[in-house]
Amino acid sequence: MFTGNGVNDAVFYHILNSSEGASLDDLVPKIKIAVLFIVVILLLITSCAFIKIKNIKSLSIKYASILFFLTLILILASPFSINIYNSTKESFFSKGNPNEVKNEYTIPIKNLNKKYNYVFIYGESLERSFRDLDGKNYLPELSAIADNYADFTNIIQPLNRGFGWTMAGMVNTQCGIPLVMEQGNAGANVSEFLSKAQCVTSWLTDQGYDTEFIRGSQKEFAGGNKFFAQHGWKRQDDLSYFVKNGLANPEQISSWGVHDDALLNHVGMEFDRLTKNQQPFVLSFLTVNTHSPDGLFLSACENHVEKDANLAMLSAVKCSDFLLSKFINKIINSPAFDNTIIVLVSDHLMMENDASALLKKNQNLRRNNFIVIKKGLTPSKNNTNGSLLDVWPTVLDIAGSPDKQLGFGRSLLGNQESKFITDYKSGKASDYLAFASDLWGATSIKTGMTQIVNKLKIGTQEFTLPVYAAVNNNELGPLWFEAFAKNIFKITKNNQPFFYANLCKNIGIDANAICAYIVSPEKITKLRITPQGITASNKNDIKTIFYSKKIKGVSSGPYFMDSGYSTNNSNNSFPSGINFLSPINSSLKISLSYQTCANAVVDGDAVQKLISGNAFTIIASSDSVTCGNNSGYKNLSGILNKNIFESLQFRQQIIGLVKDGKSDFITGLPEVPLDAFIDTQKYSLISICKAFDDC
């Protein structure tokens, strides 16, 4: 409902990053609708359970089976299921070879011959399509400006990963790459944002440029503060800055941030200040009032812009056209324009909004805005196929720079599309995506490791714990942060060495340090890491369990953390509460599950029957077993001859194995994830420290 394209790369990105600053006003209506559907689903499930329990036979087995398989086919063929399959496949399982395109990745290295000032405008969702929407131009003032300068008419938005939302648009333009995050590499868990990417503002900063970015939303949203701070932006003014300095009154702040009239007023003052400093500068800002789904028509546009009678977004677009053109013309008519280049781009095509029906009439013709405004520039319309990757290379070319390439982007003035666009149109973009994902930084474990409170610092990067990754020539591969036991076999299935680190206390080791391990099939290197660095290192030649097919992993985690078990390369997650797993062939399955925090009561007879009928039974928690009342599971103490459940705290995880009437359990710390392994031949429970031979 929000993206207009279902679950896509933008959704995964925002789940993995900070959503602080998102508009609750826009999300709440969608949540209400989702709750309605969830209630309907629960009612259907309850009805089915009632029919089953009461043994009501309204249909014959034959007709019931036909209906079941028909329903299953309809579900699998539905747009939702297809969307989830495609987005998951594209985001997590589409692999490319970064070495195939490494020679296509270039960075500026030469100094600018002339140092223009740059005003770089990101028009939120302000796509070029609004200049001809159902025969009407909703951006007449900006179109008039574009007609007098350089207008690029064919800036597409690739449909693969890395394009299509604000943070992606920032990275696309400034670094010349798609914004791609590897599975597990959650931006909130790392201290550096695209640490190996070389972006244009860092290059300009090295040449003496002052740099400032202004946005009306919170800078933490989507990890933006990290990206800008680490890629050449010396100053960031955001919502907090506006409020603290009284630059916007409460009526000028909406759910997505500061209104554009107040924003542009501050930008104008900063432009005047920077111009007087006699130092070259890049002043960039992001508008907000055309943010989907509804946009916002401001009082500053009253009596200047006619509202659209039916569609609120079209009114917001016309208002933005008025305000931005007024701001741009003010610079054009000032003496400072002699040495200033103004750039206007849309950060992405507009997501779902009340004008979507009009936009989608010609979906294949939708394009992003890209206009360059420079004194003395010959008016031109450039129809070369390009993307947001090509924006800064083109701007630098117009500025007379000897460097006309950035990342995978190329100047459009040569009237030739980049190899990225050619390969994209041929369906060969995966290599570029793989290269872009590597720019998060191949962290070398040889660069030194130290403990920073509850985080691990490797080189200059800080990581939350636990963290684990494949190791190749001392460099870490894609980083993972959750469900170690569940996911580690995806790394080790090809005998790949790996690195694991966690607070010692979290894996049952009494040490005030980080316990880290470098593991291969025949060797374990054990490390103790403190604020002073690596204080102990011990290598053991030992055959490790992580490469054995008879070992299964179980991960239990508190709320919003991944939990489940490893088996047959499929994704097996736990429902919240208590789960009972039994062996099936060489795999495992959830045989019983009780959401005890939702007042479900463990069926003692069913549990006893399950235990008696299997070679072994695994018990694992998820989220929380107890929510202040143990009545749902108090009978387990008698069944298992253990009173361990009676002392469980809220969101304290537990994993156990029951065989021949005997049980063995491991408990974790409250609010901390817990991992364990099961030897399915010896029927034994293996703790993390035991798995690393370090108890």
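Note: the structure precedes this text.
Residues numbered from 1 in each chain as written. Predicted model: local features only at pLDDT ≥ 70, side-chain atom pairs only at ≥ 80, totals over all residues. Heavy atoms only, no water.

## Details of the state of the cysteines
Condition: Whenever a pair of cysteine sulfur atoms sits within 2.5 Å, that pair is classed as a disulfide. For helices the rule is a DSSP run of H or I covering at least 4 residues; for strands it is a run of E covering at least 2, with both sets numbered from the N terminus onward. In this scheme, a residue with accessible area under 20% of its type's maximum is buried, one over 50% is exposed, and one in between is partly exposed, where area comes from a 1.4 Å probe on protein chains only.
Applying the stated criterion across every chain yields a total of five disulfides. Across a sulfur-sulfur distance of 1.9 Å, Cys301 and Cys319 are joined as a disulfide pair. Its S-S torsion of about 75 degrees marks the bond between Cys301 and Cys319 as right-handed, since a negative value means left-handed. Remark: Cys319 occurs in helix α11 (residues 312-332) and Cys301 occurs in the loop between β7 (281-286) and α11; sequence separation between them is 18 residues. For the pair Cys301 and Cys319, a shared accessibility class is recorded, and that class is buried.

## So, the packing of helix α5 (residues 140-147) against α11
Heads up, the rule is: Note on definitions: angles span 0 to 180 degrees between N-to-C directions of axes, and those axes are lines fitted to C-alpha atoms, for helices only across the stretch in contact. Contacts between residues were defined by any pair of non-hydrogen atoms, one from each residue, lying within 4.5 Å. For this classification, the nonpolar set comprises Ala, Val, Leu, Ile, Met, Phe, Trp, Tyr, Cys and Pro, the charged set comprises Asp, Glu, Lys and Arg, and every other residue, Gly included, is treated as polar.
The geometry of α5 relative to α11 is characterised by a closest axis approach of 7 Å and an angle of 35 degrees between their N-to-C directions. Packed against α5, whose contacting residues are Pro140, Glu141, Leu142 and Ile145, the element α11 presents Asp321, Leu324, Ser325, Ile328 and Asn329 at the interface. Of the residues that constitute the contact of α5 with α11, the class distribution is five nonpolar, two polar and two charged.

## With respect to the pattern of salt bridges
In plain terms, the rule: By definition, a salt bridge exists where a carboxyl oxygen of Asp or Glu is found within 4 Å of a side-chain nitrogen of Lys or Arg.
Under the definition given, this model contains 23 salt bridges. Its salt-bridge partner being Glu417, residue Lys425 comes within 2.9 Å of it at the nearest N-O pair. Here Lys425 falls in the partly exposed class, since its relative accessible area comes to 49%. Its relative accessible area of 23% is what places Glu417 among the partly exposed residues. For Lys486, the salt bridge is made with Asp562, and the minimal N-O distance between the two is 3.0 Å. Of the two residues, Lys486 is situated in helix α16 (residues 484-492) and Asp562 in the loop between β22 (551-556) and β23 (564-565); the sequence distance between them amounts to 76 residues. Here the salt bridges do not stand alone but share partners, grouping Arg128, Arg131, Asp147, Asp151 and Lys381 into one network.

## Digging into the sheet that holds strand β26 (residues 587-594)
Keep this limit in mind: Think of it this way: DSSP has to see at least two bridges between two strands before they count as a pair.
Strands sit in the order β26-β25-β27-β28-β29 across an open sheet of five strands; the sheet is antiparallel. Each edge of the sheet is formed by a strand with only one pairing partner; in this case those strands are β26 and β29 (662-667). Each strand of the sheet is rotated relative to its neighbour by a mean of 20 degrees, with strand direction disregarded. Two elements, strand β25 (residues 577-584) and strand β27 (residues 617-622), share five bridges in a ladder whose sense is antiparallel. Its bridge partner being in β27, Ile578 is matched across the sheet by Ser621. Lying over the sheet, helix α17 (residues 604-612) contacts β25, β26, β27 and β28 (654-659), oriented at roughly 165 degrees with respect to β26.

## Brief notes about the pairing of β25
With six of eight residues buried, β25 is to be regarded as a mostly interior element. As paired strands, β25 and β26 are joined by seven bridges and run antiparallel to one another. Residue pairing for β26: Phe580 is matched across the bridge by Leu592. Linking β25 back to β26 in an antiparallel pair, the connection comprises two residues, with Asn585 at a positive phi of about 55 degrees.

## A few points about the sheet that holds strand β30 (residues 674-679)
If you walk across this open sheet you meet the five strands as β24-β23-β22-β30-β31, and the pairing is antiparallel. Where the open sheet ends on each side, the last strands, each with one partner, are β24 (572-573) and β31 (684-687). Pairing of β23 with β24 involves two bridges; the strand directions are antiparallel. In the strand pairing of β24, Gly564 is matched with Ser573. On top of the sheet, α16 reaches β22, β23, β24 and β30; it is set at about 135 degrees to β22, its chief contact.

## Digging into the side chain of Asp347
The cut-off we apply is this: When charges are tallied, Lys and Arg are placed among the positive residues and Asp and Glu among the negative ones, while His and the ends of the chain are skipped. What qualifies as a polar contact is a pair of N or O atoms within 3.5 Å, subject to a donor-acceptor requirement within protein and to the restriction that residues adjacent in sequence count only when both atoms come from side chains.
Tracing the sequence through the fold places Asp347 in the loop between β8 (340-346) and α12 (356-359). Notably, Asp347 is buried but unbridged: the nearest opposite-charge side chain belongs to Arg215, and the N-O separation is 7.9 Å. Within the structure, Asp347 has its side chain in polar contact with the side chain of Thr166 (distance 2.8 Å). A polar side-chain atom of Asp347 sits 3.5 Å from a polar atom in the side chain of His348.

## Section: the environment of Lys318
Positionally, Lys318 belongs in helix α11. Assessed through its relative accessible area of 12%, Lys318 is described here as buried. The spatial distance from the C-alpha of Lys318 to the C-alpha of Leu264 is 16 Å, given a sequence separation of 54 residues. Filtering out sequence-adjacent residues up to four positions away, Lys318 remains in contact with Lys136, Tyr138, Val305, Glu306, Lys307 and Asp308. Reaching out from Lys318, the side chain makes a polar contact with the backbone oxygen of Glu306 at a distance of 2.5 Å.

## What about unusual backbone geometry?
In this chain, Leu465 is followed by Pro466 through a cis amide linkage whose omega measures 0 degrees. Inspection of the secondary structure puts Pro466 in the loop between β15 (461-463) and β16 (467-472). Its identity is not glycine, yet Asp693 carries a phi of approximately 55 degrees, on the positive side. Among the structural elements, Asp693 can be located in the segment after α19 (688-691).

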